[in-house]
Amino acid sequence: MALLKSFLILPRRCGLLLSSSSYWYYHYHSRSTFLVPPKIRITARPLSQQIQSVQRSKPLSTSLSSVSKYSTCSSDGNDFLRLSDQQLMDQCEMSTFKSSGPGGQHRNKRESAVRLKHLPTGTIAQAAEDRSQHKNRASALARLRTLLALKVRKNVDIDAYSPPQELLQILPAKSTIRGSDCGSQIGPNNPKFALGMQALLDLIFAVEGSISDAAKLLGLSTGALSRLILSDDSLRMAVNELRTSKGMKPLK
Amino acid sequence: MKLSFIRASSSSTLPIFLKWHKTPLSTNCRRPIFSSRISSTPTSSKPQIPLFLRPPTYSASFSELRKWQDWAQSLANSVGSTFVDSDNGPEASLLCRELKWLIEDAVEDHSLFPPMGTQNNDRPIRLRTSLEELYLLWKQRIEERKPFQYIVGCEHWRDLVLCVQEGVLIPRPETEMVVDLVAGAVSENEGLREGLWADLGTGSGAIAIGIGRILGSCGRVIATDLSPVAVMAASFNVQRYGLQGKIEVRQGSWFEPLKDVEGKLAGLVSNPPYIPSNHISGLQAEVGRHEPRLALDGGVNGMDYLLHLCNKVSSMLKPGGYFAFETNGEKQCKDLVEYLENDYEGSFCNVNIVSDFAGIQRFVTGFYRRAI
Ligand SMILES: C[S@@+](CC[C@H](N)C(=O)[O-])C[C@H]1O[C@@H](n2cnc3c(N)ncnc32)[C@H](O)[C@@H]1O
């Protein structure tokens, strides 16, 4: 329900400049890996523009979609994965696949596919396999979290490195730096995995793809860290793409 | 039932399917000889139980079911793009996806079918309908263009699974947003959240149930429809979600069953029939041949009921009350807004047009101005 409301509830304050130099966007799908500093400016539009107001003096402008509003209420708004579903949804433009014709009562085509575009990063996630638009929206949002984890890189200070809690939670119990207070290991099917995966990728990028260096910092053997990386397809692909770009052998 | 103003009044007491059979479009899709539970007449006063809710009292061997699936798949593939070309209907790939959903609903434990790997065991698979019926149902889907939702007897809409049958409009994905609009309106307004709402022309009860689940503990919804089949389906769905205490379903034409709550509503929503009459014959077969005309035909320019609703909305709502209507698109939205602002100058505020997720201007919303 929270997810749905996000289409309507407009966060109180907004407008934020995304230019913190500690954030880089990793273009995951590009052929050769490169890092670009973000140049994206987010400004939230006022309510009146978000849902088209009707004023008789002015003709209505047609916008692609009235729900293309985004904003964030978090002061550290570029930590996207920490946002609630609702907040993350607020940063997205949602659209369904265009059907020709007037839609509504005219149609029976079960066009329930959903496409989410995360406006701050341009990341697109879509889902079509479910029977309701509502559920496709939830799947697309979950997919978006994974894509963001893969795409948005945070700088890491290796010399003073201490892994964040989310990363500790996805490590196997044998890690020597993992306290017993971490609970049991979180696997790829847990929605919290994305946050841990993001922190792991931040580290692996910081050590330029060296699994053994990363493993040392995480109190694991190189083999144990490799197994963790190989346990999730998207994680494995992201790591291997980085390694390939650095002339290293991919993990198998 | 006093029905002074609408064309529908002439047939208001007739079951919808009779009307449907009288329309010229339906002549080429009379029920064929075979009879099945699903295609039995919708006049019965009992709702049809959707496939997924029936007990798994049938069974078939894996190879029999596999044979059916192969047959169904090739029938779907044989369609190619002919439906798309003739009336912008479904293409083969969509039909194949529907076939998957049909299996989901018909097979008790669909993790068993299709089985993993190539094991070819002939353990019987428990089904919610007979294999014969499955052949029949898929034939109806492809040959008669019967909507998939009438085949399985339900539609997945928002996070709900709503039962539908012939005579009841299948709720559309666009309409899911009406509930979002209401959620937005009630989120910061306790008066609206705890107030009395009405969903006019409720069909399957979709909007009413969606709203019923987001209102506060004192919030109530009255859902109305002229069609007895719709009233039956809506009541069934309300009960399935345990909302009898919150949603009351009433039969009658538009405001007629709401006389006792005049001026008391916190909100009024409707997705009335809005298709212009002369568009009905060109609709895709699933809609034009099978869905009730009473749910689609909005008169010459499709605005008959929307205007009727607008004419009464101010007398039904409390000051500060909210309304949301679904329309056919940009033209109807603009005409409606203009109508509200000219003929009811000063009665409404924050009148908005809201687009659906495909970017089509679809909804008109607003508030009945608070009395000074
Ligand atoms: C487009 S359908 C909408 C159904 C449902 N609200 C939905 O969104 O799925 C329009 C509904 O209005 C009902 N209807 C048609 N004429 C009516 C009338 N005079 N009074 C009340 N309901 C009417 C139809 O039976 C149909 O269920």
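What counts, and at which threshold
- Residues numbered from 1 in each chain as written.
- Chains lettered and ligands numbered in written order.
- Predicted model: local features only at pLDDT ≥ 70, side-chain atom pairs only at ≥ 80, totals over all residues.
- Heavy atoms only, no water.
- Helix = DSSP H or I, 4+ residues; strand = E, 2+ residues; numbered from the N terminus.
- Buried < 20%, exposed > 50% of the residue type's maximum accessible area, 1.4 Å probe, protein only.
- Contact = heavy atoms within 4.5 Å.
- Pairing = 2+ DSSP bridges.
- Core = buried A, V, L, I, M, F, W, Y, C linked by side-chain atoms within 4.5 Å.
- Axes fitted to C-alpha atoms, helices over the stretch in contact; angles between N-to-C directions.
- Parallel < 35°, antiparallel > 145°, perpendicular 65-115°, else oblique.
- Left-handed = near helix turned anticlockwise from the far one by under 90°.
- Nonpolar A, V, L, I, M, F, W, Y, C, P; charged D, E, K, R; others polar.
- UniProt positions renumbered as here; feature names shortened; annotations may be inferred.
- Near = heavy atom within 4 Å.
- Polar contact = N/O pair within 3.5 Å; in protein donor to acceptor, adjacent residues only side chain to side chain.
- Areas by Shrake-Rupley, 256 points an atom, 1.4 Å probe, with all protein chains shown as cover.
- Salt bridge = Lys/Arg side-chain N within 4 Å of Asp/Glu carboxyl O.

A. Just the overall build of chain B, in detail. When you go through chain B residue by residue, the secondary structure sums to 13 helices and 11 strands. For chain B, the proportion of its 372 residues judged to be buried stands at 60%. When contacts within chain B are restricted to residue pairs at least 6 apart in sequence, those whose partners lie at least 24 apart make up 70%.

B. Focus on the pairing of strand β5 (residues 92-96) of chain A. Residues and elements named next belong to chain A. Within β5, 5 of the 5 residues are buried, which leaves it mostly tucked inside the rest of the structure. A two-sided burial pattern is seen for β5, the buried positions comprising C92, M94 and T96 on one face and E93 and S95 on the other. Here β5 pairs with strand β6 (residues 114-118) via 5 bridges, running antiparallel. Along β6, the bridge assignment pairs S95 with R115.

C. Structural view of the nonpolar core. Counting 82 residues, the largest nonpolar core has L200, L218, L225 and I229 of chain A together with W197 of chain B as the members making the most contacts within it. Looking at this core, the element that brings in the most residues is helix α6 (residues 193-206) of chain A, giving 10 residues. In this structure, L258, L268, M303 and L317 of chain B belong to the second largest nonpolar core, which totals 36 residues.

D. Inspection of the environment of K312 of chain B at higher detail. Among the structural elements, K312 of chain B can be located in helix α12 (residues 304-316). Accessibility expressed as a relative area gives 28% for K312 of chain B, which makes it partly exposed.

E. Fine view of the sheet that holds β5 of chain A. Residue and element names in this part refer to chain A. Strands sit in the order β5-β6-β7 across an open sheet of 3 strands; the sheet is antiparallel. Each of the sheet's edge strands pairs with one partner strand only, and the pair in question is β5 and β7 (123-127). On average, each strand axis in the sheet is tilted by 20° relative to the strand beside it, whichever way the strands run. Helix α4 (residues 133-151) rests against β5, β6 and β7 of the sheet, and its axis sits at about 145° to β7.

F. Inspection of the packing of helix α2 (residues 62-79) of chain B against helix α4 (residues 92-106) of chain B at higher detail. All names here are of chain B. Orientation of α2 relative to α4, taken along the N-to-C sense of each, is 155°, at an axis distance of 8 Å. As far as their axial angle goes, α4 and α2 are roughly antiparallel. For the crossing formed where α2 meets α4, the hand is right-handed. Residues W68, Q69, A72, Q73, A76, N77 and V79 of α2 touch α4, and the partners they reach there are A92, L95, C96, L99, L102 and I103. In the contact of α2 with α4, the residues fall into 10 nonpolar, 3 polar and no charged.

G. Main features of the UniProt feature "domain: Methyltransferase small" (unreviewed entry) in chain B. Those residues carrying the UniProt feature "domain: Methyltransferase small" (unreviewed entry) are residues 193-275 of chain B in this numbering. For residues 193-275 of chain B, the helix share is 25%, the strand share is 27%, and the end-to-end C-alpha distance is 32 Å.

H. Summary view of the site of the ligand. Residues and elements named next belong to chain B. Taken together, 19 residues sit near the ligand, with G201, D225, S253, W254 and N271 positioned nearest. W254 places a polar main-chain atom, nitrogen or oxygen, 2.9 Å from a nitrogen atom of the ligand. A distance of 2.9 Å is found between an oxygen atom of the ligand and a side-chain nitrogen or oxygen belonging to N271. Taken by itself the ligand offers 590 Å² of open surface, and the protein chains cover 99% of this. Among the residues forming the shell around the ligand, the class breakdown is 9 nonpolar, 9 polar and 1 charged.

I. Structural context of the side chain of R131 of chain A. Considering the arrangement of structural elements, one finds R131 of chain A in the loop between β7 and α4. Residue class for R131 of chain A comes out buried when judged on its relative accessible area of 5%. A distance of 3.0 Å separates the side chain of R131 of chain A from the side chain of D105 of chain B, its partner in a polar contact. In this structure the side chain of R131 of chain A is engaged in a polar contact, spanning 3.4 Å, whose partner is the side chain of H156 of chain B.

J. Up close: the pattern of salt bridges. Scanning the model with the defined rule gives 26 salt bridges over all chains in all. Residue R153 of chain A pairs with D202 of chain A through a salt bridge whose shortest N-O separation is 2.7 Å. Here D202 of chain A lies in helix α6 and R153 of chain A lies in strand β8 (residues 152-154), a separation of 49 residues in the sequence. Classification of R153 of chain A as buried rests on a relative accessible area of 4%. Overall, D202 of chain A belongs to the buried group, its relative accessible area being 6%. Close ionic contact of R158 of chain B with D180 of chain B constitutes a salt bridge, the shortest N to O distance being 2.9 Å. Taken together, the residues span a long stretch of sequence, with R158 of chain B in the loop between β3 (154-157) and β4 (160-163) and D180 of chain B in helix α7 (residues 176-187) at a distance of 22 residues. Taken together, the shared-partner salt bridges connect D87, E98, R141, R145 and E286 of chain B into one network.

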